[in-house]
Amino acid sequence: GAGVSQTPSNKVTEKGKYVELRCDPISGHTALYWYRQSLGQGPEFLIYFQGTGAADDSGLPNDRFFAVRPEGSVSTLKIQRTERGDSAVYLCASSLIAGSTDTQYFGPGTRLTVL
Amino acid sequence: AQRVTQPEKLLSVFKGAPVELKCNYSYSGSPELFWYVQYSRQRLQLLLRHISRESIKGFTADLNKGETSFHLKKPFAQEEDSAMYYCALSGNSGNTPLVFGKGTRLSVIA
């Protein structure tokens, strides 16, 4: 079956611009996670959704970052006034239900480059 | 604070040699430990988790609570094992995200 998909695969933008990154989870998965992976680092948690609501957004670095999941399926990560330090691979993962025992399935990521 | 440490950025071994990828963790409680793998041009995927006590692709990992370690081992490395390996933990109370280490790149030399 189809796995987690993310679009675009690559995004190049200029400092100060607004970007949206999209994640399509596996059908039926109620939990959705966003991670950010900088060069030479492991993935770092940003936010996770259980259904439509953000259950934990403690990983968002500042108020320029925001994510939504209005219908409990597709999610969009939004970054305002991008900075060069935002350059990273943004990973999305989904799991059947939220819980530490549920396997998280990762998407291929979106590589964001801020010039 | 939750932390996962993978001391080796790169590990090179010859084909057929034993492999041990080190992982140490810091967590105030009883965490769940995982190993994720990313092969070249593929997405991150779960390799194994400690609660399953299973061997996947010949790899095993034992949780040592006394040493707070979860090292990944394989007795005989294969070329197809070359990949990036990430150790990760989450709390066992549910609804907790994964905390990853920085990863170790395993290179198996023919």
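The structure contained in this document is the topic of the report that follows. These figures come from a predicted structure and were not determined experimentally.

Now for the sheet that holds strand 7 (residues 65-68) of chain A. Within a beta sheet, neighbouring strands are joined by backbone hydrogen bonds and run either parallel or antiparallel to one another. Residues and elements named next belong to chain A. The four strands lie next to each other as 1-3-8-7, forming an open sheet whose pairing is antiparallel. Every other strand in the sheet has two partners, leaving strand 1 (5-7) and strand 7 as the edge strands with one partner each. Averaged over neighbouring strand pairs, the angle between their axes works out to 15° when direction is ignored. Relative to strand 8 (residues 75-79), strand 7 runs antiparallel, the two being bridged by four bridges. Pairing of V68 across the sheet is with T76, part of strand 8.

Okay, the interface of chain B and chain A next. At the interface, 21 residues of chain B touch 22 residues of chain A. With both sides pooled, the region where chain B packs onto chain A buries about 1600 Å², and carbon together with sulfur makes up 51% of that total. The tally of links between chain B and chain A comes to zero salt bridges. Counting across the chain B and chain A interface gives five residue pairs in polar contact (both at pLDDT 80 or more).

Residues and elements named next belong to chain B. Inspection of the secondary structure assignment puts Q6 in the loop between strand 1 (3-5) and strand 2 (10-14). Separated by 3.0 Å, the side chain of Q6 and the backbone oxygen of Y85 make a polar contact. One polar contact links the side chain of Q6 to the main-chain amide nitrogen of C87, over a distance of 3.0 Å. For Q6, the residues in contact, after removing those within four places along its chain, are K22, W35, Y85, Y86, C87, G101, K102, G103 and T104.

The next point concerns the nonpolar core. Ranked by size, the top nonpolar core spans 24 residues in total, and within it W35, L47, L48, F70, L72 and Y85 of chain B carry the most contacts. Elements represented by at least two residues in this core include exactly strand 2, strand 3 (19-21), strand 5 (31-38), strand 6 (45-49), strand 9 (83-91) and strand 11 (104-109) of chain B. Looking at this core, the element that brings in the most residues is strand 9 of chain B, giving four residues. By size, the runner-up hydrophobic cluster in this structure holds 20 residues, among which are I47, F49, L77 and L112 of chain A.

All names here are of chain A. When strand 5 (residues 44-50) meets strand 6 (residues 53-56), the two strands line up antiparallel, connected through three bridges. Along strand 6, the bridge assignment pairs F49 with A54. Hairpin connection from strand 5 to strand 6: two residues lie between these consecutive antiparallel strands, with G51 at a positive phi of about 70°.

About the criteria used
Residues numbered from 1 in each chain as written. Chains lettered and ligands numbered in written order. Predicted model: local features only at pLDDT ≥ 70, side-chain atom pairs only at ≥ 80, totals over all residues. Heavy atoms only, no water. Pairing = 2+ DSSP bridges. Helix = DSSP H or I, 4+ residues; strand = E, 2+ residues; numbered from the N terminus. Axes fitted to C-alpha atoms, helices over the stretch in contact; angles between N-to-C directions. Contact = heavy atoms within 4.5 Å. Buried area = accessible area lost by both parts, 1.4 Å probe. Salt bridge = Lys/Arg side-chain N within 4 Å of Asp/Glu carboxyl O. Polar contact = N/O pair within 3.5 Å; in protein donor to acceptor, adjacent residues only side chain to side chain. Core = buried A, V, L, I, M, F, W, Y, C linked by side-chain atoms within 4.5 Å. Buried < 20%, exposed > 50% of the residue type's maximum accessible area, 1.4 Å probe, protein only.

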